[in-house]
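# Architecture at a glance
This is what each chain is made of:
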Amino acid sequence: MEKDWPLYEVFVRGKRGLNHVHVGSLRAADDTMALRNARDLYTRRNEGVSIWVVKAQDITASSPDEKDPFFAPSGDKVYRHPTFYDIPENVPHM
Amino acid sequence: MTQEHFDRTIDRDQRIEPRDWMPDAYRTTMVRQIAQHAHSEIIGMQPEGEWITRAPSLRRKAILLAKVQDEAGHGLYLYSAAETLGADRTGLTEKLISGRQKYSSIFNYPTLSFADVGVIGWLVDGAAICNQVPLCRSSYGPYARAMIRICKEESFHQRQGYELLMALMRGTDAQREMVQDSVNRWWWPSLMMFGPPDADSTHTAQSMAWKIKRHTNDELRQRFVDMTVPQAEALGVTLPDPDLRWNADRGHHDFGEIDWSELKRVISGDGPCNAERIDVRRTAHEDGAWVREAAAAHAAKQTAAPSSKQIAERAERRP
Amino acid sequence: MAFDNALGAIAEDNDETRWAFGTGFHDPLAGIDTSVPDGIDRHALSAYCLMLGDDALIMSHRLQEWCTHAPELEEEVALANIALDLLGQARLLLSRAGTAEDAGRAEDDLAYFRNAPEFRNIVLAELPNGDFAHSTVRLLMFATWRLALLDRLTTSRDPVLAAIAAKSVKEVAYHRDHAALWTIRLGDGTDLSHARTQRALDALWPHTGELFTAHKIERDLAAMGVAVDPSDVREEFDTVLDEVLTKATLRRPAPAPPANSAGRDGKHSTPLSDLLAELQSVARAHPGATW
């Protein structure tokens, strides 16, 4: 009986000075394979100076339903709230 | 976090993200759309892939191999997007090889000469780009992000196709004839890539409302024709449509009636290469099963962290 | 990247050189001084570059044949990467063979208009693909051997060859790693995969004899510091293979006896003729055409 390879999420640091950014996922049997597959798949054109892979099942994520208590900004500290900064809408990952 | 939030997100032109609540029909539609697109990339490797080992120069061989590799990559980006909706790749692959999910019927036509590599790049990838650029603004975030990556790479594909055709048109009479023959065969199927006319399209209205489709089939088809006509003139090839002409009143090109019965026939599985394409994919999947199992088995042993002593013992047990 | 402006996003970074593996260039050695240093026999140098170039070209072809047949889509991408690397090495080496020979033959003349007896690749590279275990073990042997050669060639007295070797070393180190990791997974995977990998190893092992048999040209050029005598890399090959096979729980066959040179003398198996018939079919149907 075939056993499916686990799903890994992939994060790439595009260049020095930038954060790792989530770029997608892939299937791999083990961590080493995941890293190598990520290199081949997501940095085929030499994008990226560093790659992280992590099993999707090991990620703990907040749920949108928890948004109110979890993400409520302190009302008196507006600078903590992203909308305080005037960022054009078309800028990604903000 | 339900319908109201979903509707408001769509209204504000914001993205739906994987863990958001979404209507079941939206989820189903997205899975179908993304899976069909992913399958098309993977099946689409075959018609051109057949020419890698025969490419007539090493430079063309490298370009073609890189291009077909990109298509595998595009398939993977898209399966990755589908996984965020809870559809796993093995399940989708099984639906593909059992015929329960479709792929673009353009890939059911055979590639008969090396010129087809150029014409597929120019017309088929060109049509795909027309279809796909608006999808970079799809309301479903992971799909939109995958499409941006894909569109960037597709533009290279179209350019390499056109560049190959320019080289062939500057070449021998036989090369020029090869190009015209190829254009004759791929022009109408390329127009059919935009799907049935708006009047017959079943999914368009809901898809537009959900912002997973931004333009109608006929709008995109018209845009493609208008883009392609001057490119064909620059190349020196004739598009095989006697009714094709500029209409100054409309500001667009008029073109002839598409043979929709042929499209229906090819979609329903009666195209020249349907069975062959699925068979190649099924064989690769089935022949690869023991390899995937082996890697999973080895990984499981590693997790159990056997000592080097255990490894040595295992080696001895084996004759 | 402008998120809501896909056309803009496509327009940026449209730099051909970034498109995979330098596929944009026409002349692989453009802008490089290709004169042959004093004291080096240009015909011997050309013949030597053909050997290394043909190894890469034919091995790449066998990997290209995996396209659309790989056991998983991620592996599809990985095998294409390796095939592209080797194809790039073949282009550089065939071009060097052409410039050293100085008879006006470019990479495509050499790839498409020679017949099987004129090819100088080792027989291991031309063997038809078997199952994935067979291709994996073959790649492990090929890449381990080639890496050992290239490593030493980075100090070749021919600066062009040395530069090609320096570029290729990084690539082939990756190929060797890839094949080693898969050999271990398959050998130490299931009983079925273990059996298949052992069978592949047993079948391929006799072809290792040829890898360490020096051709006269290799010996002569090695004495001048231009080439590598392949018999010098046997120890490194054995060490690497031993380490991988142990981890893979595979049994190493008895050492293969040194072969009387075969591929390096142009003695090939029928499968190479079949391979070339396919590789050269379109080019030969249109002699004199440019693509």
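Keep in mind that this is a model prediction, so the values were computed, not measured. (Residues numbered from 1 in each chain as written. Chains lettered and ligands numbered in written order. Predicted model: local features only at pLDDT ≥ 70, side-chain atom pairs only at ≥ 80, totals over all residues. Heavy atoms only, no water.)

## Some thoughts on the overall build of chain B
Within chain B, the regular secondary structure consists of 14 helices and two strands. Structurally, chain B occupies a C-alpha span of about 80 × 60 × 35 Å along its principal axes. Taking the intrachain contacts of chain B between residues at least 6 apart in sequence as the baseline, contacts between residues at least 24 apart amount to 77%. Per element, the accessible surface of chain B, about 12,600 Å² overall, is 52% carbon and sulfur. Of note, chain B has its 41 positive side-chain charges centred 7 Å away from the centre of its 44 negative side-chain charges. (Helix = DSSP H or I, 4+ residues; strand = E, 2+ residues; numbered from the N terminus. Contact = heavy atoms within 4.5 Å. Areas by Shrake-Rupley, 256 points an atom, 1.4 Å probe, with all protein chains shown as cover. Lys, Arg positive; Asp, Glu negative; His and termini not counted. Charge placed at Lys NZ, Arg CZ, Asp CG, Glu CD.)

## Section: the confidence of the model for chain C
All names here are of chain C. Of all residues in chain C, 91% have pLDDT values of 70 or greater, and the mean over the chain is 91. Below pLDDT 50 for its whole length, residues 1-23 participates in 54 contacts with residues either more than four positions away or in separate chains. Among the scores for the predicted complex, ipTM is 0.92 and pTM is 0.90. (pLDDT = per-residue confidence, 0-100.)

## Notes on empty space enclosed by the protein
Per the stated rule, a full pass over the model turns up five cavities of 30 Å³ or more. Taken as a whole, the largest cavity spans an internal volume of roughly 170 Å³. Looking at the largest cavity, it is lined by 15 residues, and the ones nearest its centre are Arg89(B), Thr90(B), His285(B), Arg292(B) and Glu72(C). Every element with two or more residues in the lining of the largest cavity is listed here: α5 (89-97) and α12 (274-287) of chain B. Looking at side-chain class alone, the lining of the largest cavity contains five nonpolar, three polar and seven charged residues. (1 Å grid on protein atoms, 1.4 Å probe; cavity = no way out; pocket = protein on both sides within 12 Å on 5 of 7 lines; lining within 4 Å. Points joined across faces, edges and corners; volume = space filled by probe spheres on them. Nonpolar A, V, L, I, M, F, W, Y, C, P; charged D, E, K, R; others polar.)

## A closer look at the interface of chain C and chain B
Reports often express the size of an interface as the amount of accessible area lost when the parts come together. Taken residue by residue, the interface counts 73 residues in chain C and 68 residues in chain B. In this structure, the connection of chain C to chain B is made through three salt bridges. Across the salt bridge formed by Lys301(B) and Asp188(C), the nearest N and O atoms sit 3.3 Å from each other. If you look at where chain C meets chain B, you find 15 residue pairs in polar contact (both at pLDDT 80 or more). With eleven residues, the single largest contributor to the side of chain C that touches chain B is helix α3 (residues 73-101) of chain C. In the side of chain C that touches chain B, the residues fall into 34 nonpolar, 19 polar and 20 charged. (Salt bridge = Lys/Arg side-chain N within 4 Å of Asp/Glu carboxyl O. Polar contact = N/O pair within 3.5 Å; in protein donor to acceptor, adjacent residues only side chain to side chain.)

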